[in-house]
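Fold and geometry: a report
Read off the chains here:
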Amino acid sequence: MSKKPLILGIESSCDETAASIISENDQGNPVVLSNIISSQVDVHKEFGGVVPELAARSHLEKIDLIVKKAIEDSGINIEEIDAVASTAGPGLIVCLSVGLSFGKAFAVSLNRPFIAVNHLEGHALSPKLNSELDYPYLLLLISGGHSQYLSVKNLSEHIRLGTTIDDAIGEAFDKTAKLLGIEFPGGPKIEILAKNGDPNKYDLPKPIFNKGGCNLSFAGLKTAILKITKQIKTDQEKFDLAASFQKTVIEILYKKTKIAFSQFEKQIKPNKKKFVVAGGVAANREIRQMLIKLCKEENYEPIFPPIELCGDNAAMIAMVGLEKFKSKNFDSLDYPAKPRWPLDEKAKFLKGAGVKL
Ligand code: KG4
Ligand code: ZN
């Protein structure tokens, strides 16, 4: 029996230092042997957001130990590793540089190939860690930095159908939480508060709801919430605002996803209609439920990563590394860190938005 590939994945694009070893079984499905994540939430909490310099310092302090633990937990010997895959972008350049340099040095010391991974491609492939996933599919990527609909034709071919013209969804969740006095990152806590609130209490705006195809916008929502938070006094009102915000986001995603479905079908003409939802916000159970219901209505197969692999992790980076390793798609040691690295390389500035997409 031939040896199964063993890939070390390293992630350090933002505020999680992570390492993972993955391999595959006889059926060719990936097997996660270890998945170590060290979050820096405590480092950045008091600043209400990620401070790049502190994040990079924390990556530097922890990366050796995290990689060592990932190798130990996997039960393999270091010499058995076949390739090293590091996130090369997009993300904070000072943070990316840590994992990227570490990965390159590790690959050189083992005399193994080095693979540079796009973090977004990692999210896009993360459902493959626990279920079958073949191309093509429609991808909704919802994280702290991105909100995009993409047609995924294969590992390297993505066509963007829509994106946010201002804030990402995770960012909108975090900003709403901050306005409600919740510690960073507040996204997951909004979901919890919303359980006790009345989603119909506040009528919030839905920017570009009836125009802009499946592009998204959340900045206007944040402004409306700022006004309301100045007036609210009780905890119940906070719960109601969290619930109203979440309901509004869900209504926006329902409508925009329907538009993305029809664009995807026109563009790709898929035999099977598959819809992958990935990124930190894909952990939100209310959003998941709505998207699953929509998939039933529209005859799509909904595919989500397991909740614990929605946020940033290195298993998804190793997953892309495994795919690239199998097709001998290696990278050179002068591969740069890319703070901006859209999945759709043709993505340009969206007209009128004034932001990099
Ligand atoms: O993918 P991710 O870990 O990091 C980025 O690549 O950005 O996503 C983090 C984002 C944060 O904005 C966080 O608040 C949000 O995902 N998030 C959630 C939930 N869990 C994480 N937002 C809403 N509901 C959740 N349950
Ligand atoms: Zn991410």
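Residues numbered from 1 in each chain as written. Chains lettered and ligands numbered in written order. Predicted model: local features only at pLDDT ≥ 70, side-chain atom pairs only at ≥ 80, totals over all residues. Heavy atoms only, no water.

**So, the sheet that holds strand β7 (residues 147-154)**
The condition is simple: One bridge is not enough; two strands pair if DSSP finds at least two bridges between them. We count a stretch as a helix when DSSP gives it H or I for four or more residues in a row; a strand needs E for two or more, and each element gets its number in order from the N terminus. Each axis is a line fitted through C-alpha atoms, and for a helix only the stretch in contact is used; angles between axes span 0 to 180 degrees, taken between their N-to-C directions. In what follows, a contact means two residues having at least one pair of non-hydrogen atoms within 4.5 Å.
Sheet architecture is open: 5 strands sit in the order β8-β7-β6-β9-β10, paired in mixed fashion. Here the strands that pair on one side only, and so sit at the sheet edges, are β8 (157-163) and β10 (301-303). Sheet twist, expressed as the average angle between the axes of neighbouring strands with direction ignored, equals 25°. Taken together, the 3 bridges between strand β9 (residues 274-278) and β10 define a ladder with parallel strand orientation. Of the residues in β10, the one forming a bridge with F275 is P302. Strand contacts of helix α8 (residues 235-268): β6 (137-142), β7, β8 and β9, with the helix running at about 25° to β7, the strand carrying the most contacts.

**Comments concerning the coordination of the zinc ion (ligand 2)**
Let me state the cut-off plainly: Here a donor is any nitrogen, oxygen or sulfur atom (N, O, S) within 2.8 Å of the metal, with 3.2 Å used for Na, K and Ca; water is not among the atoms considered, so some sites may look incomplete. Angle rules define the geometry names used: all angles between 85 and 135 degrees makes four donors tetrahedral, while opposite donors over 155 degrees apart and all other angles between 65 and 115 make four donors square planar and six octahedral, leaving every other case irregular. The buried label goes to any residue with under 20% of its type's maximum accessible area, the exposed label to any with over 50%, and the partly exposed label to all in between, with areas taken from a 1.4 Å probe on protein chains only.
Only H119 (NE2), H123 (NE2) and D312 (OD) from the protein reach the zinc ion (ligand 2) as donors, at distances of 2.0 to 2.1 Å. Metal-centred angles of 92 to 141° between the 4 donor atoms at the zinc ion (ligand 2) mark the site as irregular. In primary sequence terms, the donor set of the zinc ion (ligand 2) follows H-x3-H-x188-D. With a gap of 193 residues between them, H119 in helix α4 (residues 119-125) and D312 in the loop between β10 and α10 (315-326) connect regions that are remote in the sequence. Accessibility classification places H119 together with D312 in one group, the buried group.

**Digging into the sheet that holds strand β1 (residues 7-11)**
Strand order in the open sheet made by the 5 strands is β3-β2-β1-β4-β5, with mixed pairing throughout. The open sheet has two free edges, formed respectively by β3 (30-39) and β5 (114-118), since each of these has just one partner strand. Across the sheet, the mean angle from the axis of one strand to that of its neighbour is 20°, orientation sign disregarded. As paired strands, β1 and strand β4 (residues 83-89) are joined by 4 bridges and run parallel to one another. Bridge pairing in β4 links I10 to S86. The strands that α10 touches are β1, β2 (16-24), β3, β4 and β5; relative to β2, the one it contacts most, it runs at about 45°.

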